[in-house]
Amino acid sequence: MNGDDQDNWPEQVDGGTDGYVDHSRKQSVRRLERALLAAEQHSGSCTAGKLAELFVIARDFGMELDQALRSRLVNALKYLYVVGDPAGDAEPLAGRPSDDVITLIEELDDPDNDPDPIRSRIMTAQVYSRVDGRVTERGEVLKEAYTLCPTSPERVEVGIILAQFQVDTGCNRRAKRILTECGRLVGADDSGARLLPELAVCRGGLLFAQGRLRGAQRCFSEALSAMDRLSRSRHERPGVKAYHYLGKIHALYGRYERAVENLVRAEELLEQRAVDDRRQSGHNHSRLGEVLNKAGSPDARWHSSKARDLFIQAGDESSGRGLQEGASGGPAEPIKHRIQRYELRQQVARNNQHWRSAVIASFRLMLIHGRHGTLWTVVGHAWRALEAGTRLVLRSGPLASTAGVVELAMASVVRTARKRRMARLKTPLRCHCLQCRSKISAETRRTSPFNP
Ligand SMILES: [Zn+2]
């Protein structure tokens, strides 16, 4: 905020104390209006914390809050909370929204009186997706939004968001039911056909979560060809997600070169977008770091630390902290750091009811403690893995879970065989993203015998 926001109180105001309060109220309302307008025009000069602060000041001075202003304000707060600090200033943490903003959003939120009650709920769900431990509330507003959508294509659009949430929280059967309904609606209605890529990506995500990697791979390829058919650019969300997941699948099968290829492509597409999506970019870099690390590449560390910076800038501190120390893992990582990393992952997964990730994290911790810890810590983590596993099976159904576990186990057998072959490669795998390529050519220049 700049310019006349910093203007001083006048020396003299007519009308004594009342005049002073009146003047202050008008001034604070003006500031609030300017900030609100900036948020609505996405001009990037205001953060959620700042807007909330200006609102509280204006209200304390007796500003009246009518329904229209209330809707505008709560929508702007939700938007700013979700995009974080769009200006990307030197002090990214300064714009990180606090719990106060969430409290204010919940206090002001009145979706039934909002001009667009469905969108209002979707935005609330997006806000909750950024806060640890608000899974139940997020599921509730999404279900309400879905129930409010009478017909396609809006029902398909909201259905996909709800199904994605259910995949993330391990409710695979419910997700499948909704995706089946969405598939029917898309087929019955031409206007819904534009959502085919989103639908294919969500289906792919469900199959991936069930460990059915081949089916998932088919869905992601389908999403990309549907985008071509619809003349939609691949840098839109489903395109980026499809490449990201294809990278993950290739990595699971030990095809590291192809994994890196797809993940770099996802990042390149993301850079072509007008709005930067730091979380998605963080996930890409984090995965690239992991894959390169597994392939013993010297380029791993740069991507892992880039991922950490992006998560922290996006206000996702827990993911950022998870990558902080010894982020790239690998054999050289101190045991203490490895334990911290998995403990954090376990905690975040449990807070957000991501039971699959919780099982994996607890299982890894059990193995690490098995080698380096005491019997009691091993028993503790085994118990946690079992507990999370039970919740996962209860939610996603025993059949789906078992099928997934078998295919994941098969993938890891293939991966081990591949790894042996990889180990025989003489030169380590190098990343071909723009950043790593320029780093590699600088290294080559330095070590070249032709260089003085
Ligand atoms: Zn790279």
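Computed from a predicted model, the values in this text were never measured in an experiment. (Residues numbered from 1 in each chain as written. Predicted model: local features only at pLDDT ≥ 70, side-chain atom pairs only at ≥ 80, totals over all residues.)

Examining the overall build of the chain
Stage number 1. A tally of regular secondary structure across the chain gives 20 helices and zero strands.
Stage number 2. Per-residue burial over the chain gives 42% buried out of 452 residues.
Stage number 3. Of the contacts formed within the chain by residues at least 6 apart in sequence, a portion of 60% connects residues at least 24 apart. (Helix = DSSP H or I, 4+ residues; strand = E, 2+ residues; numbered from the N terminus. Buried ≥ 20, exposed ≤ 12 C-beta atoms within 10 Å, placed from the backbone. Contact = placed C-beta atoms within 7 Å.)

Quick notes on the nonpolar core
Stage number 1. By size, the foremost hydrophobic cluster in this structure holds 86 residues, and its most contacted members are L51, L77, L80, V260 and V291.
Stage number 2. No other element matches the nine residues that helix α9 (residues 196–209) contributes to this core.
Stage number 3. Excluding residues within four positions of it along the chain, L77 makes contact with A48, L51, A52, V101, L104 and I105.
Stage number 4. Grouped together as the second largest cluster of nonpolar side chains are ten residues, A361, L365, A385 and A388 included. (Core = buried A, V, L, I, M, F, W, Y, C linked by C-beta atoms within 7 Å.)

A closer look at the packing of helix α2 (residues 48–60) against helix α4 (residues 99–108)
Stage number 1. Two elements in contact, α2 and α4, have axes separated by 10 Å at closest approach and are oriented at 60 degrees. By the angle between their directions, the pair α2 and α4 is classed as oblique. The two elements α2 and α4 cross, and the hand of that crossing is left-handed. In contact with A48, G49 and A52 of α2, α4 contributes D100, V101 and L104.
Stage number 2. The residue inventory of the contact of α2 with α4, partitioned by class, reads four nonpolar, one polar and one charged. (Axes fitted to C-alpha atoms, helices over the stretch in contact; angles between N-to-C directions. Parallel < 35°, antiparallel > 145°, perpendicular 65-115°, else oblique. Left-handed = near helix turned anticlockwise from the far one by under 90°. Nonpolar A, V, L, I, M, F, W, Y, C, P; charged D, E, K, R; others polar.)

Comments concerning the UniProt feature "repeat: TPR" (unreviewed entry) in the chain
Stage number 1. Per the UniProt record, the feature "repeat: TPR" (unreviewed entry) sits at residues 240–273.
Stage number 2. Strand forms 0% of residues 240–273 and helix 85%; the C-alpha atoms that close the span are 10 Å apart. (UniProt positions renumbered as here; feature names shortened; annotations may be inferred.)

Section: α2
Side chains of residues three or four places apart in an α-helix project in the same direction, reflecting 3.6 residues per turn.
Stage number 1. Its 13 residues place the ends of α2 18 Å apart at the C-alpha level, agreeing with the 18 Å of an ideal helix rising 1.5 Å per residue.
Stage number 2. Listing the buried residues of α2 in full gives A48, K50, L51, A52, L54, F55 and A58.
Stage number 3. As for α2, its buried residues are in contact with α1 (16–40), α3 (67–83) and α4. (Expected span 1.5 Å × (residues − 1).)

Some details on the environment of E236
Stage number 1. With respect to the secondary-structure elements, E236 resides in the loop between α10 (213–229) and α11 (237–252).
Stage number 2. Considered as a pair, E236 and Q272 are 36 residues apart in the sequence and their alpha carbons are 9.3 Å apart.

Description of unusual backbone geometry
Stage number 1. In this model, S231 sits at a positive phi of 55 degrees, which is unusual for a non-glycine residue.
Stage number 2. The residue S231 is located in the loop between α10 and α11 in this model.

A look at the packing of α11 against helix α13 (residues 278–294)
Packed helix pairs are specified by the crossing angle of their axes together with the interaxial distance, meaning the distance between the axes.
Stage number 1. Look at α11 against α13: their axes get within 11 Å of each other, and the N-to-C directions meet at 20 degrees. Between α11 and α13, the crossing angle belongs to the class labelled roughly parallel. Judged by the sense of rotation from one axis to the other, the crossing of α11 with α13 is left-handed. Residue-level inspection shows V240, H244, G247, K248 and A251 of α11 in contact with α13, the latter providing Q280, H283, N284, R287 and V291.
Stage number 2. Of the residues that constitute the contact of α11 with α13, the class distribution is three nonpolar, five polar and two charged.

Side note on the environment of G289
Stage number 1. With respect to the helices, strands and loops of the structure, G289 is situated in helix α13.
Stage number 2. Distance in space between the C-alpha atoms of G289 and R301 is 6.3 Å, their sequence separation being twelve residues.

Here we look at the confidence of the model for the chain
Stage number 1. Residues of the chain with pLDDT of at least 70 account for 81%, and the chain-wide mean is 81.
Stage number 2. Put simply, helix α19 (residues 398–423) is where the chain has its lowest mean pLDDT, 60, and α10 is where it has its highest, 95.
Stage number 3. A low-confidence stretch, residues 1–7 stays under pLDDT 50, and its non-local contacts, those more than four residues away or across chains, total three contacts.
Stage number 4. Of the regions scoring below 50 in pLDDT, residues 86–96 engages in 13 contacts with residues more than four places distant in sequence or in other chains. (pLDDT = per-residue confidence, 0-100.)

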